[in-house]
Amino acid sequence: MLALAVTMAIAALPPRAVGATIEDKRIAITIDDLPFASATPMSVMEASRLNDSLLRALRRHEAPAIGFVNEDRLLVAGQIDRGAAILEAWLDAGMALGNHNFGHVGLWDTSVEQVQAAVLKGEVITRWLTTQRGVPLRYYRPPFTQTGRNEADREAFERFLQAHGYTLAPFTVDHDDYWFACVYDHLDGTEAAADRQVVEDDYDAHLRRSIGVFESMSAQLFGRQIPQILLIHANRLNADTLDRSLSTLRAMGYRFITLDEAVKDQAYQRPVAASGKFGPSWLARWARFEGVKLSVYGQPDPDGPTVALHRRHCGS
Ligand SMILES: [Zn+2]
């Protein structure tokens, strides 16, 4: 009875009032590669169903997400309306859309000018749809999260984004969803259902482990939990598991916020260096830029049962 009374008293207090051990943990959900990312062919119809599943999970958890669009993937002969309807469904659900450029061109082996052209070419349908509804098209997520080979490229590209009304969308949490998704995309045959369950369980465990690492990086760099930004992709795996992932995040103490709210935190005002070829979490970028030594620099390598399945289905 006493324990119940104490629990109720704690529940009535705002999180920070209880003490330093309970923090207001927030996370923004960002989903790349709309309308879909897949290691195997996917029809527009399947992509449409996949996005419906993502949106259902987001709405169920009242998670205000942003989807980053590759408009080249909308250009399927005879199906363009259906593809555009996927983006409309996102806006209907109250979610935001951002630009992920035409052709998913990274800023590593392509010139700044070519990537700039891909940004403008990749905003036509999204800009029209967002303007119709009076909602902003504010964020750009760089493919492969590459922000430049060097500082000169990074600065030139950011000036270009600013001039076109874009803000670069950072991220802090990556838990290798594309790696798990490759296996998931290839599963078929009699063992597919069982293997799917194995991958889903392993993926959820990997999310928990990865979140723990990024929380540790935040604590080491900032002495607190900054709003995290999760980066995942519009793939079959997340269509089937986003509901579970969001439940896991809630169970870990997170509440869901917009990308707008996350980047307002002063942490995101800190400068970062150009990404180079591999674009790690902003937490690692800040540490590198400031010369701060951390005990960890990113999510652990997957080491569960999906490793063997990955070798079989994805070749490594
Ligand atoms: Zn992408």
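As the structure is a prediction and not an experimental result, all values here were calculated from the model. (Residues numbered from 1 in each chain as written. Predicted model: local features only at pLDDT ≥ 70, side-chain atom pairs only at ≥ 80, totals over all residues. Heavy atoms only, no water.)

Right, let's get into the overall build of the protein. Scanning the protein from terminus to terminus reveals 12 helices and seven strands. Rg of the C-alpha trace for the protein: 20 Å, near the compact-globule value of 20 Å for 316 residues, within the 12% margin. Counting only C-alpha atoms and orienting by the principal axes, one finds that the protein spans roughly 65 × 50 × 40 Å. Counting over 316 residues, the protein shows a buried share of 52%. A separation threshold of at least 6 residues defines the contact pool for the protein, and within that pool the share at least 24 residues apart is 83%. Working note: accessible area of the protein is about 14,600 Å², and carbon and sulfur atoms make up 55% of it. Each charge sign in the protein was given a centre, from 33 positive and 39 negative side chains, and these centres are 3 Å apart. (Helix = DSSP H or I, 4+ residues; strand = E, 2+ residues; numbered from the N terminus. Rg over C-alpha atoms; globule rule 2.2 N^0.38 Å. Buried < 20%, exposed > 50% of the residue type's maximum accessible area, 1.4 Å probe, protein only. Contact = heavy atoms within 4.5 Å. Areas by Shrake-Rupley, 256 points an atom, 1.4 Å probe, with all protein chains shown as cover. Lys, Arg positive; Asp, Glu negative; His and termini not counted. Charge placed at Lys NZ, Arg CZ, Asp CG, Glu CD.)

So, on to the coordination of the zinc ion. Protein-derived coordination of the zinc ion comes from D33 (OD), H100 (NE2) and H104 (NE2), at a distance range of 2.0 to 2.1 Å. Along the chain, the residues that donate to the zinc ion are spaced as D-x66-H-x3-H. By the burial criterion, H100 is buried, and H104 matches it. (Donors = N, O, S within 2.8 Å, 3.2 Å for Na, K, Ca; no water.)

Here we come to the state of the cysteines. One way to say it: the disulfide is the covalent bond shared by the sulfur atoms of two cysteines. If you walk through the whole model with that rule in mind, you get one disulfide. Between the sulfur atoms of C182 and its disulfide partner C314 the distance amounts to 2.1 Å. Between C182 and C314 the disulfide shows an S-S torsion of about -120°. By sign, it is left-handed. Of this pair, C182 sits in helix α7 (residues 177–186) while C314 is found in helix α12 (residues 306–314), placing the two residues 132 residues apart along the sequence. (Disulfide = S-S within 2.5 Å.)

Another aspect to go through is the environment of M95. Tracing the backbone through its elements, the reader meets M95 in the loop between α3 (80–92) and β3 (96–99). Put simply, M95 and T258 are 163 residues apart on the chain and 9.1 Å apart in space, counted from C-alpha to C-alpha. If near-sequence neighbours (up to four positions away) are discounted, M95 is found in contact with L55, L58, R59, A63, P64, A65 and W90.

What follows is about the nonpolar core. Residues I29, I31, L58, W90, L249 and W286 are the most contacted members of the largest nonpolar core, which totals 89 residues. For this core, the element with the highest residue contribution is helix α8 (residues 192–222), accounting for 10 residues. Those residues in contact with L58 that lie beyond four places of it in its chain are I29, I31, A63, A65, W90, M95, L242 and L246. (Core = buried A, V, L, I, M, F, W, Y, C linked by side-chain atoms within 4.5 Å.)

Here the focus is the pattern of salt bridges. Side-chain pairing between opposite charges can occur once the charged atoms of the two side chains come close. In the structure shown here, the tally under the stated rule is 22 salt bridges. Residue R154 is joined to E151 by a salt bridge in which the shortest nitrogen-to-oxygen separation is 2.9 Å. Of this pair, R154 and E151 both sit in helix α6 (residues 151–163), three residues apart, which is roughly one turn of that helix. (Salt bridge = Lys/Arg side-chain N within 4 Å of Asp/Glu carboxyl O.)

Considered for burial, the residues of helix α4 (residues 112–121) that qualify are V112, V115, Q116, A118 and V119. Buried residues of α4, seen end-on, are gathered within an arc of 160° and therefore sit on one face of the element. If you follow the buried residues of α4, they end up packed against β3, β4 (139–140) and α6. (Arc of directions from axis to C-beta.)

Running from amino to carboxyl end, α4 crosses α6 at an angle of 25°, the nearest separation of the two axes being 10 Å. By the angle between their axes, α4 is roughly parallel relative to α6. Crossing hand, α4 versus α6: right-handed. For the pair α4 and α6, contact is made by V112, V115, Q116, V119 and L120 and by D153, A156, F157 and F160, respectively. Among the residues making up the contact of α4 with α6, the classes are represented as seven nonpolar, one polar and one charged. (Axes fitted to C-alpha atoms, helices over the stretch in contact; angles between N-to-C directions. Parallel < 35°, antiparallel > 145°, perpendicular 65-115°, else oblique. Left-handed = near helix turned anticlockwise from the far one by under 90°. Nonpolar A, V, L, I, M, F, W, Y, C, P; charged D, E, K, R; others polar.)

Scanning the model with the defined rule gives eight aromatic pairs in all. Geometrically, the ring pair formed by W179 and F180 is edge-to-face, given 5.0 Å between the ring centres and 80° between the ring planes. Taken individually, W179 and F180 each receive the classification buried, so the pair is uniform in this respect. Aromatic ring contacts, followed pair by pair, group Y140, F157, F160 and Y166 into a single cluster. Residue placement shows K121 over the ring face of F102; its charged tip is 4.2 Å from the ring centre. Above the ring of Y184, the side-chain terminus of R196 is found at 5.9 Å from the ring centroid. (Phe/Tyr/Trp six-rings, centres within 6.5 Å; stacked < 30°, edge-to-face > 60°. Lys NZ or Arg CZ within 6 Å of the ring centre and 35° of its normal.)

Moving on: the UniProt feature "domain: NodB homology" (unreviewed entry) in the protein. When the UniProt feature table is mapped to this numbering, "domain: NodB homology" (unreviewed entry) covers residues 23–147. Helix makes up 40% of residues 23–147 and strand 16%, and the two end C-alpha atoms of the span are 31 Å apart. (UniProt positions renumbered as here; feature names shortened; annotations may be inferred.)

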